[in-house]
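# Chains, contacts and geometry: an overview
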Amino acid sequence: MKKIYRYLLLTLLALCLSIPALGAEAASVALLPLINNVEGDTIASQIYFKSALGAINSQKGFVLVDNDQLNAVIEAAKLGKEVPNQATLAKIAKDGNVDLVIAMQLDVLKDEAIYGGYDDRLKLDLQGYAVSYNKLTGEFDKHRIFDDKEIPAALASRWDWTHEEWGRNVKREVNRILKVKKVTVEAPRMSKL
């Protein structure tokens with residue numbers, strides 16, 4: 001008889017613990033089109049969407065929204081050459097019925113060759129802004145994107161290094177906005193003999 005009561009208690013406990021998980025809903029995310037201020041660069045927008053979409057889809061609890069209602073709200077906002085302010089993002093979140101709005105602006109994306117005595121290097125010049133608005137918390141965030149990495153020129157001769165770095169920066173900014181914690185694995189330490 002004791003075992004039956006124990007099983008009933010465990011079943012009830014499992015049911016009570018699982019009820020909050022059934023009601024959990026994913027946060028809806030709106031990704032605004034890239035504000036591209038780099039002349040003649042059409043690839044940056046494609047890389048922006050691909051990298052941001054990959055970052056959002058890799059996180060549990062977030063769903064990217066793309067529907068006619070949201071597209072109409074974004075078009076009505078008439079985005080210019082700069083990232084929208086807090087009021088505009090709040091209006092898009094409210095009228096588009098989304099929890100989080102993300103927008104990015106790209107101002108400079110180029111690399112410059114630096115010729116040295118022993119090796120030739122490429123220096124990246126990447127500048128822009130990332131903004132987000134969280135409707136649930138009312139939090140607005142504006143962050144400057146800046147990267148000036150240098151690599152040997154021979155390493156970048158076979159691929160589009162500047163756009164790859166742009167994609168990496170987009171992913172990093174989206175993860176920062178979604179508050180993704182980077183997990184670091186510490187290498188095992190060698191004991192002294």
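For the structure, see preceding data.
On a predicted model such as this, the values are computed, not experimentally measured, just so you know.

Quick look at the overall build of the protein now. The helix and strand tally for the protein stands at 5 helices and 7 strands. Listing the helices and strands of the protein from first to last along the sequence gives α-β-β-α-β-α-α-β-β-β-β-α. The proportion of buried residues among the 193 residues of the protein is 33%. Put simply, of all contacts in the protein between residues at least 6 apart along the chain, 66% involve residues at least 24 apart. Accessible surface, the protein as shown: approximately 13,200 Å² in total, 56% of it carbon and sulfur.

Between helix 3 (residues 68-77) and helix 4 (residues 86-96), the shortest axis-to-axis distance is 9 Å and the interhelical angle comes to 155 degrees. By the angle between their axes, helix 3 is roughly antiparallel relative to helix 4. In this structure, helix 3 meets helix 4 at a crossing whose hand is right-handed. Judged by residue contacts, Q69, L70, V73, I74 and A77 of helix 3 engage T88, K91, I92, D95 and G96 from helix 4.

Looking now at the packing of aromatic side chains. Counted under the stated rule, the structure contains 1 aromatic pair. Between the NZ or CZ atom of K142 and the centre of the ring of Y129, over which it lies, the distance is 4.9 Å.

Right, let's talk about the pattern of salt bridges for a bit. Per the stated rule, a full pass over the model turns up 9 salt bridges. As a salt-bridge pair, D147 and R168 come within 2.9 Å of each other at their nearest N and O atoms. Residue D147 is located in strand 6 (residues 139-147), and its partner R168 is located in helix 5 (residues 161-177); the two are separated by 21 residues in the primary sequence. With relative accessibility at 33%, the residue R168 sits in the partly exposed group. Connected via shared salt-bridge partners are D147, K149, E165 and R168.

Pairing of strand 5 (residues 120-134) with strand 6 involves 9 bridges; the strand directions are antiparallel. By the bridge assignment for strand 6, G128 is matched with I145.

So, on to the pairing of strand 1 (residues 27-31). Where burial is concerned, most of strand 1 is hidden: 5 out of the 5 residues are buried. Side chains of strand 1 alternate between two faces, with A27, V29 and L31 and S28 and A30 buried alike. Across 3 bridges, the pairing between strand 1 and strand 3 (residues 62-64) is parallel. Opposite A27, over in strand 3, you have F62 as the bridge partner. Where strand 1 lies against strand 4 (residues 100-115), 3 bridges are found, and the strand directions are parallel. Residue pairing across strands places L31 opposite I102, the latter belonging to strand 4.

Parameters at a glance
- Residues numbered from 1 in each chain as written.
- Predicted model: local features only at pLDDT ≥ 70, side-chain atom pairs only at ≥ 80, totals over all residues.
- Heavy atoms only, no water.
- Helix = DSSP H or I, 4+ residues; strand = E, 2+ residues; numbered from the N terminus.
- Buried < 20%, exposed > 50% of the residue type's maximum accessible area, 1.4 Å probe, protein only.
- Contact = heavy atoms within 4.5 Å.
- Areas by Shrake-Rupley, 256 points an atom, 1.4 Å probe, with all protein chains shown as cover.
- Axes fitted to C-alpha atoms, helices over the stretch in contact; angles between N-to-C directions.
- Parallel < 35°, antiparallel > 145°, perpendicular 65-115°, else oblique.
- Left-handed = near helix turned anticlockwise from the far one by under 90°.
- Phe/Tyr/Trp six-rings, centres within 6.5 Å; stacked < 30°, edge-to-face > 60°.
- Lys NZ or Arg CZ within 6 Å of the ring centre and 35° of its normal.
- Salt bridge = Lys/Arg side-chain N within 4 Å of Asp/Glu carboxyl O.
- Pairing = 2+ DSSP bridges.

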